[in-house]
Amino acid sequence: MPELPEVESLRRILARTAVGRTIERVRIAEPRLRRKVAHGFAAGVEGRRILRLGRRAKYLIIELSDGAAMLVHLGMSGSLTHRGIDFDAAEFAARHDHLEFALDDRTRLVYNDPRRFGLIRLVPRGELPSTPELAGLGPEPLSAAFNAEYLARIARGRRAAIKNLIMDQRVVAGIGNIYASEILFRAGVRPTRRAARVARKELERIVAASAPILRAAISSRGTTFRSYRDAEGQPGRFAPRLMAYGREGKPCRVCGSLIRNVVVGQRASFFCPRCQR
DNA sequence: CTTACATCCTGATTGC
DNA sequence: TGCAATCAGGATGTAA
């Protein structure tokens, strides 16, 4: 389940291995992702060089030499792996390898996504800031713009659960179900609390907890809970450090109480009944 | 504006 | 053992 740390890990790997390469050919085996890959996509990408790799929220941004940018979202089950096999020899594409980008060093980038919740789109030069996917996003949780004052302003009058609030990409961009649970655990706040009822001090703890958790997860190259793999096909190493997510019925690593799982906003939400109030 | 919920999709897991 | 039901949850669209 790729969230900010997984996408950031992907960006860092590809920044080392793919920047400077020219995309010689694009093969589209299955264009039906969350939205259908546009007709002119391959023609708009082929022949361009990869200039730079960026990230916004859970979106990977592949900047191309003509000023356009590829926007990649991995959805729930997507992966973008850098494979060292010749494009021509890639006849045995794995199941759910939907797009392949042949690079000029005879390696290829392969987009695989069993559930096809992902998105790949070419954004014309200069249109990135106004593109619908990015335009409404809230601040990056690793930026100074995500602070307690900001969060307090958003939370005011909101009946939604605090966990829904920090998973709302318009509020803060890049946090998904796993890290929302981890952040609230560290902050000592129950995921079910109504946002407006969360005290200023607690909001401060939520903000303060966010960056260290996300940074630690990036250092571990993300969390592999089930199937996530990074650009080199490796699982993330953060899972053993999860305090709450996926630990239902197991003892809290801090106090020993049993971690509970409740549904908040149609999503599993794990918390410690003693550490989180 | 805010909130709630269905929708897309496949694979892993659970239940009988 | 096999098969069907359930769960997983990214973002989005619609309804209330």
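Please refer to the structure placed before this passage.
Not measured: the values here are computed from a predicted model.

Visitor: Please explain the pattern of salt bridges as it appears in this structure.
Guide: Oppositely charged side chains can pair when the atoms bearing their charge come close. Within this structure, the stated rule accounts for 21 salt bridges. Linked through salt bridges whose partners overlap, the residues forming this network are Glu8, Arg11, Arg12, Arg55, Arg56 and Glu140.

Visitor: Honestly, the packing of aromatic side chains in this entry has me stumped. Any pointers?
Guide: Two aromatic rings are characterised by how far apart their centres lie and by the angle between their planes. Scanning the entire structure with this criterion turns up 3 aromatic pairs. Consider the rings of Tyr179 and Phe238, whose centres lie 6.1 Å apart with planes at 45°: the pair is tilted. Taken as a pair, Tyr179 in helix α6 (residues 177-187) and Phe238 in the loop between α7 (200-219) and β9 (260-264) lie far apart in primary sequence, 59 residues in all. Each member of the pair Tyr179 and Phe238 is classed as buried. Both rings, one in Tyr245 and one in Phe270, keep their centres 5.1 Å apart while their planes meet at 70°; by these two values the pair is edge-to-face. On the criterion of sequence distance, the pair formed by Tyr245 in the loop between α7 and β9 and Phe270 in strand β10 (residues 267-271) is long-range, its members being 25 residues apart. For the pair Tyr245 and Phe270, one class covers both residues: buried. The side chain of Arg115 reaches across the aromatic face of Phe117, ending 5.2 Å from its centre.

Visitor: How do you make sense of the packing of helix α4 (residues 148-155) against α7 when you look at a structure like this?
Guide: Describing two packed helices takes the angle between their axes plus the distance from one axis to the other. Where α4 contacts α7, the axes come no closer than 9 Å and their chain directions differ by 120°. In terms of orientation, α4 and α7 fall into the oblique class. Crossing angle aside, the handedness with which α4 passes α7 is right-handed. Along its contact with α4, which presents Ala148, Glu149, Leu151, Ala152 and Ala155, the element α7 presents Arg200, Leu203, Glu204, Ile206 and Val207. In terms of residue class, the contact of α4 with α7 is made up of 7 nonpolar, no polar and 3 charged.

Visitor: I tried to follow the protein's contact with DNA strand B on my own but got confused; where do I start?
Guide: Contacts to DNA strand B come from Arg95, His96, Pro114, Arg115, Arg116, Phe117, Arg158, Arg159, Ala160 and Gln266. A share of 62% is what sugar and phosphate atoms reach among the atoms of DNA strand B within 4 Å of the protein. Here Arg115 contributes a side-chain N or O atom positioned 2.9 Å from a base oxygen of DNA strand B. A distance of 2.5 Å separates a phosphate oxygen of DNA strand B from a polar backbone atom of Arg159. Within the surface near DNA strand B, the residues separate by chemical class into 3 nonpolar, 2 polar and 5 charged.

Visitor: I'm lost on the sheet that holds strand β8 (residues 119-123) in this one. Help?
Guide: Strands pair in a sheet through their backbones, by hydrogen bonds, and they do so in one of two ways: parallel or antiparallel. The strand order across the open sheet built from 4 strands is β2-β3-β4-β8, with neighbouring strands paired in antiparallel fashion. Every other strand in the sheet has two partners, leaving β2 (50-56) and β8 as the edge strands with one partner each. In this sheet, adjacent strand axes meet at a mean angle of 20° when their direction is disregarded. Relative to strand β3 (residues 59-64), β2 is paired through 6 bridges, and the arrangement is antiparallel. Across the sheet, Arg52 pairs through a bridge with Glu63, a residue of β3. Helix α1 (residues 4-17) rests against β2 and β3 of the sheet, and its axis sits at about 165° to β2.

Visitor: Quick question: what am I supposed to make of the layout of surface pockets here?
Guide: Any empty space left between atoms is shown by rolling a water-sized probe over those atoms. By volume, the largest pocket amounts to about 630 Å³. For the largest pocket, the lining is made up of 22 residues, of which Lys58, Met76, Met167, Gly176 and Arg267 are closest to its centre. Taken together, the elements giving at least two residues each to the lining of the largest pocket come down to α5 (162-167) and β10. When residues in the lining of the largest pocket are grouped by element, the largest group, 3 residues, is from β10. Both domains that furnish three or more residues to the lining of the largest pocket are identified here as domain 1 (4-135) and domain 2 (148-271). Within this model, the second largest pocket holds a volume of roughly 180 Å³. Here the residues of the lining of the second largest pocket sort into 5 nonpolar, 6 polar and 1 charged. Mapped onto the domain boundaries, the lining of the second largest pocket takes at least three residues apiece from domain 1 (4-135) and domain 2 (148-271).

The rules we used
Residues numbered from 1 in each chain as written. Chains lettered and ligands numbered in written order. Predicted model: local features only at pLDDT ≥ 70, side-chain atom pairs only at ≥ 80, totals over all residues. Heavy atoms only, no water. Salt bridge = Lys/Arg side-chain N within 4 Å of Asp/Glu carboxyl O. Phe/Tyr/Trp six-rings, centres within 6.5 Å; stacked < 30°, edge-to-face > 60°. Helix = DSSP H or I, 4+ residues; strand = E, 2+ residues; numbered from the N terminus. Buried < 20%, exposed > 50% of the residue type's maximum accessible area, 1.4 Å probe, protein only. Lys NZ or Arg CZ within 6 Å of the ring centre and 35° of its normal. Axes fitted to C-alpha atoms, helices over the stretch in contact; angles between N-to-C directions. Parallel < 35°, antiparallel > 145°, perpendicular 65-115°, else oblique. Left-handed = near helix turned anticlockwise from the far one by under 90°. Contact = heavy atoms within 4.5 Å. Nonpolar A, V, L, I, M, F, W, Y, C, P; charged D, E, K, R; others polar. Near = heavy atom within 4 Å. Polar contact = N/O pair within 3.5 Å; in protein donor to acceptor, adjacent residues only side chain to side chain. Pairing = 2+ DSSP bridges. 1 Å grid on protein atoms, 1.4 Å probe; cavity = no way out; pocket = protein on both sides within 12 Å on 5 of 7 lines; lining within 4 Å. Points joined across faces, edges and corners; volume = space filled by probe spheres on them. Domains from an automatic or database assignment.

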